[in-house]
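Residue strings, one per chain:
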Amino acid sequence: MLRASTAPDTAELEPPVQATPIRTARQPAGSILYLDGVSVSFDGFKALNNLSLVINKGEMRTIIGPNGAGKTTMMDVITGKTKPDKGDVLFNAEVDLTKLDEAKIANLGIGRKFQKPTVFEHLTVFENLELALKTERGTFATLFFHLTGQQAKRIDEILGVIGLGDRRKEKAGALSHGQKQWLEIGMLLMQEGQLLLLDEPVAGMTDFETETTASLLLEIARDRSIVVVEHDMEFVRALGAKVTVLHEGSVLAEGSIDTVQADHRVIEVYLGR
Amino acid sequence: MLLMSRLASLESRRGWQVFLILLVLTIVLVPVLNLTLPPESPFHVPTYMLSLLGKYLCFALLALSLDLIWGYAGALSLGHGAFFALGGYCMGMYLMRQIGTRGVYGNPDLPDFMVFLNWTELPWYWWGFDQFWFAALMVMAVPALLAYVLGWLAFRSRITGVYFSIITQAMVFALMLAFFRNEMGFGGNNGLTDFKEILGFNIQAQGTRIGLYVASAVVLALGYLISRFIVTSKLGRVLMAIRDAESRVRFLGYSVTNAKLFVFTVSAILAGIAGALYVPQVGIINPSEMSPGNSIEIAVWVAVGGRGTLFGAIIGAFTVNGAKSFFTGAAPEFWLFFLGALFIVCTLFLPQGIVGFAAQMRARIARKATPAPEEVGNAASKHRA
Ligand SMILES: Nc1ncnc2c1ncn2[C@@H]1O[C@H](COP(=O)(O)OP(=O)(O)O)[C@@H](O)[C@H]1O
Ligand SMILES: [Mg+2]
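Owing to the predicted nature of the structure, the values given are computational and were not obtained by experimental measurement.

(A) Quick peek at the coordination of the magnesium ion (ligand 2). Coordination of the magnesium ion (ligand 2) by the protein comes from Thr72 of chain A (OG1) and Gln115 of chain A (OE1), over a distance range of 2.0 to 2.2 Å. One end of the pair, Thr72 of chain A, is in helix H2 (residues 71-78); the other, Gln115 of chain A, is in the loop between strand S6 (110-113) and helix H4 (125-132), with 43 residues separating them in the sequence.

Below, the structure written as structure tokens:
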């Protein structure tokens, strides 16, 4: 079985690689995520069309694109939910993700937040985080699991970070939409992944919540790689990361938010709708 | 130390008190009322009543086993009758071998039905069943193996919901047809019956009947505690998470297949043990135990009691079977209508079963007594239907 080859701590030691305006050469070396020529079709419709994308270790990347551009499908491919028809998907420049199932990919250190917030409604906020806690995932290990004081403290810490400390004993189903989004981000943090994929994390949030989320993500981004899919341009601007524009299943443009917004092809795609 | 405190925390203080009181009432009071009081006394428990209660205890264990996989992991098995019957057949085979030369044909090795079929040798799959320990092992191993193989095929292919129910129902139906065939070597239509002795005790004797009854109660109590251990563990929370959002659990790195496979297999073992305790008390096991309707009835017991609570399954098994005994005595032709009506009423008005209804009532009374803003019945009333 494959295990996380690099401990999350090592990522901390490296200085975060800044997004460079120069197009990265299509080489897996040094990348945390490497997609090359990935295509996915549903009944002949190409949701991803020869998509290539490289995310460097420690990088934060935002991905925008009109509805149906293939953003969610791309995340499905990375996390093993959907198998691509063709193309390479490499993690840490060596692990072929197309060969693994969802659980194995998650255990490599890839966490995902879904477009529609999915928390376990009938479990408490605390229990949701406990399930995400990075521990042995085997069935018998889980049956005989005992929460140590240190682990409980870690959960408390994350509860503080996501601002749900006083709701820990409540059922997750009772949370507001925005709070569920945060709980799901908290679960990602508990997993201590090296690569986090967030699908529209601020959808349905108030302006204030959106701002808080942006600073939370910037905070988190210091010691891991993050890919954020988002529509909200204010939010994308607040993150200040390199932007990739997807359109009809492939990359339309890449660069800083200003460059991308000035690109006439991008304007066409967004205004044309 | 850790394990001890873990075991102690299976129940709240109140819960342990209720558990122990019920256990003592069942295993001490009922036999005492049976043995010590004269038959004229209104408090006398006749032996047939004791055996009837023993049968209910087995059904309660069966319902408990279904609740484990349905109420917690969300997979409704409509084939649990198969595990129950297989456990029962394993016990029946042991009991058949104990008959020895006392059968009609007096053959020391072959049960009567085999002599009748002109068989001369005991089939290989009957070997070893003259030993109680072997039969007891098979009572658990055979249902476990079937559940493991079936579960592996179904869960690995991500067969869920109604498709899983249909597959398990088809499985029990196919098994029933197979067991009806004489050539299978399990007594065909008539099944296994005319038992004489269990562990050297006369199976009809009052003492043996009390022993079987007490054994059923003790095993039900143990089965309940084992199930509690599972559902209160982190694995139990993984199972509930699977019930809520199966695919999300995978993205957290848990193997949904293995978790379901584990609980399905444990559930089948409990059902098999229930069947093994049932057979000596009713004196017969035949393929009708595997009729599809029987397996559906188990789900009705759990639904009536309230699923996802464990003790709800026990309450449901007692309630429905108590009603069944009453109706089959008073108005047998109405029983099926009553069962159907009960199921409809429960689905429409008591989606959380008797247990959920009781919790709601308690919350309502508590709210009236003290107009607190907090809702006590929150957990129960919001529990997924
Ligand atoms: N499972 C599926 N079956 C059929 N079509 C799908 C499926 N998933 C996505 N699609 C289609 O693929 C396209 C891309 O979808 P998606 O990746 O969800 O877009 P985005 O997240 O960028 O809005 C859409 O046209 C969508 O209808
Ligand atoms: Mg999407």
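Moving on from the coordinates now.
(B) Molecular detail of the site of ligand 1. Residues and elements named next belong to chain A. Around ligand 1 lies a shell formed by Phe42, Phe45, Ala47, Pro66, Asn67, Gly68, Ala69, Gly70, Lys71, Thr72 and Thr73. Here Ala69 contributes a backbone N or O atom positioned 3.2 Å from an oxygen atom of ligand 1. At 2.8 Å from an oxygen atom of ligand 1 is found a main-chain nitrogen or oxygen belonging to Lys71. Protein contact buries 60% of the 560 Å² of open area that ligand 1 shows by itself. Elements that contribute at least two residues to the shell around ligand 1 include exactly strand S2 (45-56) and H2. Ranked by residues supplied to the shell around ligand 1, first place goes to H2 with 3 residues. In terms of residue class, the shell around ligand 1 is made up of 5 nonpolar, 5 polar and 1 charged.

(C) Just the packing of helix H11 (residues 292-305) of chain B against helix H12 (residues 311-330) of chain B, in detail. Residues and elements named next belong to chain B. Taken N-terminus to C-terminus, the directions of H11 and H12 make an angle of 115 degrees; their axes are 7 Å apart at the nearest point. Judged by the twist between their axes, the crossing of H11 over H12 is right-handed. Along the contact surface, H11 presents Glu297, Trp301, Val302, Val304 and Gly305, while H12 presents Gly312, Ala313, Gly316, Ala317, Val320, Asn321 and Lys324. Considered class by class, the residues forming the contact of H11 with H12 number 6 nonpolar, 4 polar and 2 charged.

(D) View of the sheet that holds strand S1 (residues 31-42) of chain A. Residue and element names in this part refer to chain A. The antiparallel open sheet is built from 4 strands, whose spatial order is S2-S1-S4-S5. The open sheet has two free edges, formed respectively by S2 and strand S5 (95-96), since each of these has just one partner strand. As judged from the 2 bridges shared by strand S4 (residues 86-91) and S5, these two strands associate in the antiparallel manner. Note on S5: the bridge partner recorded for Leu90 is Asp96. Strands in contact with H2 are S1, S2 and S4; relative to S1, the strand with the most contacts, it is inclined by about 115 degrees.

(E) Examining the interface of chain B and chain A more closely. Between chain B and chain A, the contact holds 29 residues from the first and 30 residues from the second. Taking both sides of the interface into account, the surface hidden between chain B and chain A amounts to around 2800 Å²; carbon and sulfur atoms contribute 66%. At the surface where chain B touches chain A, the tally comes to 3 salt bridges. Two residues, Glu130 of chain A and Arg237 of chain B, come together in a salt bridge whose shortest N-O distance is 2.9 Å. The interface formed by chain B and chain A contains 14 residue pairs in polar contact (both at pLDDT 80 or more).

(F) Geometry of the packing of aromatic side chains. For the structure shown, the criterion picks out 28 aromatic pairs over all chains. On the numbers, 5.3 Å between centres and 85 degrees between planes, the contact of Phe140 of chain A with Phe262 of chain B is edge-to-face. A residue pair is termed interchain when its members come from two chains, as with Phe140 of chain A in helix H5 (residues 139-143) and Phe262 of chain B in helix H10 (residues 256-282). Relative accessible area serves as the criterion here: at 53%, Phe140 of chain A is assigned to the exposed category.

(G) Molecular detail of the pattern of salt bridges. Considering all chains together, one arrives at 24 salt bridges over all chains under this definition. Note that Glu254 of chain A is salt-bridged to Arg61 of chain A, the shortest N-O span being 3.3 Å. Placement of Glu254 of chain A in strand S10 (residues 250-255) and of Arg61 of chain A in strand S3 (residues 60-64) is noted, with a sequence separation of 193 residues between them. Since its relative accessible area comes to 0%, Arg61 of chain A is described here as buried. Notably, a salt bridge pairs Glu297 of chain B with Lys324 of chain B, separated by 3.2 Å at the nearest N-O pair. With Glu297 of chain B in helix H11 and Lys324 of chain B in helix H12, this residue pair connects regions lying 27 residues apart in the sequence. Take Glu297 of chain B: its relative accessible area is 9%, and that puts it in the buried class. Owing to a relative accessible area of 27%, Lys324 of chain B belongs among the partly exposed residues under this scheme.

(H) Highlighting the confidence of the model for chain A. Put simply, chain A has an average pLDDT of 88, and 89% of its residues get 70 or more. Taken as a whole, residues 1-25 of chain A scores under 50 in pLDDT and shows 30 contacts with residues more than four places along the chain or in a different chain.

Rules of the game
- Residues numbered from 1 in each chain as written.
- Chains lettered and ligands numbered in written order.
- Predicted model: local features only at pLDDT ≥ 70, side-chain atom pairs only at ≥ 80, totals over all residues.
- Heavy atoms only, no water.
- Donors = N, O, S within 2.8 Å, 3.2 Å for Na, K, Ca; no water.
- Helix = DSSP H or I, 4+ residues; strand = E, 2+ residues; numbered from the N terminus.
- Near = heavy atom within 4 Å.
- Polar contact = N/O pair within 3.5 Å; in protein donor to acceptor, adjacent residues only side chain to side chain.
- Areas by Shrake-Rupley, 256 points an atom, 1.4 Å probe, with all protein chains shown as cover.
- Nonpolar A, V, L, I, M, F, W, Y, C, P; charged D, E, K, R; others polar.
- Axes fitted to C-alpha atoms, helices over the stretch in contact; angles between N-to-C directions.
- Left-handed = near helix turned anticlockwise from the far one by under 90°.
- Contact = heavy atoms within 4.5 Å.
- Pairing = 2+ DSSP bridges.
- Buried area = accessible area lost by both parts, 1.4 Å probe.
- Salt bridge = Lys/Arg side-chain N within 4 Å of Asp/Glu carboxyl O.
- Phe/Tyr/Trp six-rings, centres within 6.5 Å; stacked < 30°, edge-to-face > 60°.
- Buried < 20%, exposed > 50% of the residue type's maximum accessible area, 1.4 Å probe, protein only.
- pLDDT = per-residue confidence, 0-100.

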